Amino acid sequence: MLNGFDPRTKYLVVHDTLDQCDSVLANPSGVEFHQPSNTSGSKANDLVRLVRLGKNIATTHALYPSLVEVARDGYLRDYVIIIDEVLDPVKRMPAPQEGVWDALVAAGYVYVDQNTGKVIPTARWAENLQRVDGTLTQGLLEAATAGLLYITEKREMFVLPIPVELVNSGNSVTIATYRARGSTLAAYLDKMGIPYVIDRDISLDRKLRADVRRWVTVKDIPSLREVRFSKSGQDKMASSDCRKVQVALKNVRQRQLRNTPTDQILVGCAKDSWYHTNGRKTYEDRTGKFSKGTGLFTEANWAPARVRGTNEFRECSVVFSLYDYHISPPVLEWLGKEDDKQFKDEYALSELLQFVFRSRIRCRETLADPSITLYIPSERMRSLFLDWANDGVPPEAALRVTR
């Protein structure tokens, strides 16, 4: 991409982080790019200004939704849009207060499209915002006015999708990712009836899996086989299971990893499992229910289980994936994927691979030894990873769990 920019073409490049945008600004093709600044009051406003001026732009996922209105007005029509990593098109919002929602609908504050679940605001909502604030907040009103607010039938849980204009505008839209079929974005495009093509290089995919079989050592943690590592499982985990995790991490650190520098260890789990949390506040200088007493908290690296894009952990040679990936039930319901086990597994695998490839295995083309040791205590996640790595491989060449 960086070598192929054409000065006769307008580009909008969307990265996950600001440091990735820097590489676009300094692209070898010499094409001039602009990055939003605060000169127009906010970066979001400046992004809109740059689009209206027809400039080549490098921006972030966080700012991209600011372009809804200019997309609807046709300003993105001539742009080649390149998005690095999939956008998360569906976000959970606070549920309406119990028993209040039906009354508000009946009273004419909102209208719900029965086919799509889209929440359509009425003038009465805007005129009486203070009376219903807490259930129908200003933020929800703004989302509904922009056509972004939906509610599910079963759980009455708001979801906020990326508007279709942002994935269906431009001269072309290309999203660079791996295992796209398992992304919520693909499911969202299916739901909205937007056609797309998944372009795969099968030979490169085979090479990637061969590299994994060569450079990755997969390990189980037997004492944690019965521990539930889903987000809800971590949130509700009994103190006895938390203690199991602490002891297991400490034992692995002191025995199997005694010669490994602590700063080469990467741990992925829910943030409020690694750091101490009191109510809504997280204390990043205090150990949490997984990290306490492990000897890992001070120097080891923690990353969100759903981390993407960053190179921050590319020195790590040991990876603990303490997470069992699931999409929240309300989002699955809205996407129409509640009973689609294949999609759920594809999603879980794609998220796990994104996490694993934050480590030094991502540098396998430049390092003499990019090998990593990967600990996956979840049987489901471990099986998905091994099935992917060994797809089409004879048994004698398969990657297996190392005891």
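Going by the structure above, here's the rest.
Residues numbered from 1 in each chain as written. Predicted model: local features only at pLDDT ≥ 70, side-chain atom pairs only at ≥ 80, totals over all residues. Heavy atoms only, no water.

A.B. asks: Looking at this structure, how should I read the overall build of the chain?
C.D. replies: Of regular secondary structure, the chain possesses 15 helices and 16 strands. Taken against the 2.2 N^0.38 rule, which gives 22 Å for 403 residues, the C-alpha radius of gyration of the chain at 23 Å falls within 12% of a compact globule. C-alpha atoms of the chain, sized along the principal axes, occupy 65 × 55 × 40 Å. Scored against the burial criterion, the 403 residues of the chain give a buried share of 48%. Considering only contacts in the chain between residues 6 or more positions apart, those separated by 24 or more positions represent 68%. With an accessible surface of roughly 20300 Å², the chain has 46% of that area assigned to carbon and sulfur atoms. (Helix = DSSP H or I, 4+ residues; strand = E, 2+ residues; numbered from the N terminus. Rg over C-alpha atoms; globule rule 2.2 N^0.38 Å. Buried < 20%, exposed > 50% of the residue type's maximum accessible area, 1.4 Å probe, protein only. Contact = heavy atoms within 4.5 Å. Areas by Shrake-Rupley, 256 points an atom, 1.4 Å probe, with all protein chains shown as cover.)

A.B. asks: How do you make sense of the pattern of salt bridges when you look at a structure like this?
C.D. replies: A side chain of one charge can pair with a side chain of the opposite charge if their charged atoms are brought near each other. Applying the stated criterion to the full structure yields 25 salt bridges. The partner of Asp 205 in a salt bridge is Arg 200, with the nearest N and O atoms 3.2 Å apart. Residue class for Asp 205 comes out buried when judged on its relative accessible area of 7%. Judged by relative accessible area, which is 52%, Arg 200 ranks as exposed. Lys 231 is paired through a salt bridge with Asp 272; the nearest N and O atoms lie 3.9 Å apart. Note that Lys 231 is positioned in helix 10 (residues 231-235) and Asp 272 in helix 12 (residues 271-274), a separation of 41 residues in sequence. The network of salt bridges with shared partners includes Lys 207, Asp 211, Arg 364 and Glu 365. (Salt bridge = Lys/Arg side-chain N within 4 Å of Asp/Glu carboxyl O.)

A.B. asks: Help me out: how do you make sense of the sheet that holds strand 16 (residues 372-375) in this one?
C.D. replies: Within a beta sheet, neighbouring strands are joined by backbone hydrogen bonds and run either parallel or antiparallel to one another. Strand order across the open sheet formed by five strands is 10-16-15-11-14, with parallel pairing between neighbours. Here the strands that pair on one side only, and so sit at the sheet edges, are strand 10 (216-219) and strand 14 (301-304). Within this sheet the neighbouring strands show an average axis-to-axis angle of 20°, counted without direction. Relative to strand 14, strand 11 (residues 265-269) runs parallel, the two sharing four bridges. The residue of strand 14 that forms the bridge with Gly 268 is Ala 303. Packed on one face of the sheet, helix 14 (residues 341-356) meets strand 11, strand 14, strand 15 (318-321) and strand 16 and runs near 150° to strand 15. (Pairing = 2+ DSSP bridges. Axes fitted to C-alpha atoms, helices over the stretch in contact; angles between N-to-C directions.)

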